[in-house]
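Examination of the molecular architecture
Next come the chains, spelled out residue by residue.
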Amino acid sequence: MRETVLMKGEIDTLVIVTTAAGTEVLDAEEEVVASYPDDRHEELLARYLAQGWEIEEDGP
């Protein structure tokens, strides 16, 4: 499992979570905003970083 927490400003938070079941993007309320049946962690991380999000925490 890999989990990356992204921040934009003081309030906005997204979490990218990848497991054997695929990749999900969660909002600050832990609601799923996107779900993929495969590993798209790096692709999504690059997309959000290009949109101005910053990595707050990244790890297994």
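Up top you'll find the structure we're talking about.
Below or above, wherever it landed, is the structure these notes cover. Note that the structure is predicted; figures quoted are calculated from it, not measured.

1. Section: unusual backbone geometry
The phi dihedral of glutamate 30 is positive, around 65°, even though this residue is not glycine. Tracing the backbone shows glutamate 30 in the loop between strand E3 (22-26) and strand E4 (32-36).

2. Some points on the pairing of strand E5 (residues 54-59)
Counting buried residues in E5 gives 0 out of 6 residues, a small share hidden from the surface. Sheet analysis places strand E1 (residues 2-8) next to E5, joined by 5 bridges and oriented antiparallel. Within E5, the residue paired with threonine 4 across the bridge is aspartate 58.

3. Notes on the pairing of E3
Burial analysis of E3 places 4 of its 5 residues in the buried class, which makes it a mostly covered element. In the sheet, strand E2 (residues 12-19) pairs with E3 via 5 bridges, with the strands oriented antiparallel. Bridged to valine 15 within E3 is leucine 26. Alignment of E3 against E4, held across 4 bridges, turns out to be antiparallel. Looking at the pairing, leucine 26 lines up with valine 32 of E4.

Cut-offs applied
- Residues numbered from 1 in each chain as written.
- Predicted model: local features only at pLDDT ≥ 70, side-chain atom pairs only at ≥ 80, totals over all residues.
- Heavy atoms only, no water.
- Helix = DSSP H or I, 4+ residues; strand = E, 2+ residues; numbered from the N terminus.
- Buried < 20%, exposed > 50% of the residue type's maximum accessible area, 1.4 Å probe, protein only.
- Pairing = 2+ DSSP bridges.

Nothing here speaks to function; it is geometry throughout.
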